[in-house]
Amino acid sequence: MELIIAILFFSLASAVCVRLFTSAHILSEDSINLSNAVTWSQNLAEAFYGSKGQLKEMEKLYPQAFISTDDTMDKNTVILFFNAEWDLNAEGLVDASYEAILETERMSAQEAYADVNEYGVELVGDAITGRVAVIDLRGTTQVFSSIPDNNTRIIYTMPVDVYIGKEDQ
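In every chain, residue numbers begin from 1 and rise along the written sequence. It should be noted that, the model being predicted, local features are given only for residues of pLDDT at least 70 and side-chain atom pairs only at 80 or more, the latter also being counted only at that level, while totals for whole chains, interfaces and linings use all residues. Computation of side-chain values covers all heavy atoms of the structure but excludes hydrogens and water.

Student: Please provide a residue-by-residue account of the overall build of the protein chain, values included.
Tutor: The helix and strand tally for the protein chain stands at three helices and five strands. Where helices and strands are cited, they refer to DSSP runs of H or I of at least four residues and of E of at least two residues respectively, numbered from the N terminus. Walking the protein chain from its N terminus toward its C terminus, one meets helices and strands in the order α-α-β-β-β-α-β-β. Over its C-alpha atoms the protein chain spans a radius of gyration of 23 Å, topping by over 25% the 15 Å that the globule rule assigns to 169 residues. Along the three orthogonal principal directions, the C-alpha set of the protein chain runs to about 85 × 45 × 25 Å. Any two residues whose heavy atoms approach within 4.5 Å are treated as being in contact. Taking the intrachain contacts of the protein chain between residues at least 6 apart in sequence as the baseline, contacts between residues at least 24 apart amount to 55%. Areas reported here follow the Shrake-Rupley algorithm with a probe of radius 1.4 Å; residue values treat only the protein chains shown as occluding. In the form shown here, the protein chain has an accessible surface area of approximately 10600 Å², with 56% of it arising from carbon and sulfur atoms. Charge convention: Lys and Arg are scored as positive, Asp and Glu as negative, and His as well as the terminal groups of each chain are ignored. Where a charge lies is defined by one atom per residue type, namely NZ (Lys), CZ (Arg), CG (Asp) and CD (Glu). Of the charged side chains in the protein chain, 10 are positive and 26 negative; the average position of the first set lies 2 Å away from that of the second. Atoms counted for the radius of gyration: C-alpha only. Globule rule: 2.2 Å times the number of residues to the power 0.38.

In structure tokens form, the structure reads like this:
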């Protein structure tokens with residue numbers, strides 16, 4: 001009887017240990033994914049700022065990107081695909097595990113920066129605003145062409161904006 005209780009105790013202890021190791025592995029993987037998602041979001045944001053919101057300039061930095069623009073240049077999208085090791089995937093959907101999307105929209109600077117209007121600042125011209133999101137594609141066949149609302153697959157998202165003024169109109 002004592003031997004059965006000892007075996008039961010050790011089996012429960014081993015089950016707890018296995019659960020702890022599994023949880024640690026999942027937490028570590030989530031941390032690595034978040035770190036890479038933040039890094040790539042910042043890369044896209046810096047490229048956006050450096051090109052003053054002109055996605056044709058960003059195409060030079062990311063030739064493997066899928067860039068969608070409309071004729072009026074009001075709404076644009078940049079999509080990058082990554083493999084499981086977070087390397088840029090030049091083939092696109094082949095072995096894609098993650099996706100980074102930059103969506104931009106041109107609007108009046110007065111509207112984009114409405115929060116500073118209460119300080120008496122009057123902005124002339126336009127601004128390009130947008131959002132960067134990194135999405136986990138593992139375990140799904142779905143690919144996103146725009147940033148989804150309320151999706152549990154989004155790892156990280158951040159806003160971007162650049163004031164372009166009147167000279168670029």
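Resuming the write-up.
Student: Tell me about the sheet that holds strand S2 (residues 75-82), and please be specific about residues and values.
Tutor: For two strands to pair, DSSP has to find at least two bridges joining them. Read from one edge to the other, the open sheet built from five strands follows the order S1-S2-S3-S4-S5, with strand pairing classed as antiparallel. A strand with exactly one partner marks an edge of an open sheet, and here the two such strands are strand S1 (66-69) and strand S5 (154-165). Averaged over all neighbouring strand pairs, the angle between strand axes comes to 15°, with direction disregarded. Examined bridge by bridge, strand S3 (residues 98-108) and strand S4 (residues 126-136) share eleven bridges and lie antiparallel to one another. In the sheet register, Leu102 faces S4, and the bridge partner there is Val132. Sitting on the sheet, helix H1 (residues 2-50) is in contact with S2, S3, S4 and S5, with an inclination near 10° to S5. Between N-to-C directions, angles span 0 to 180 degrees; the directions come from axes that are lines fitted to C-alpha atoms, helices contributing only their stretch in contact.

All quantities given are derived from atomic positions and should not be read as evidence of function.
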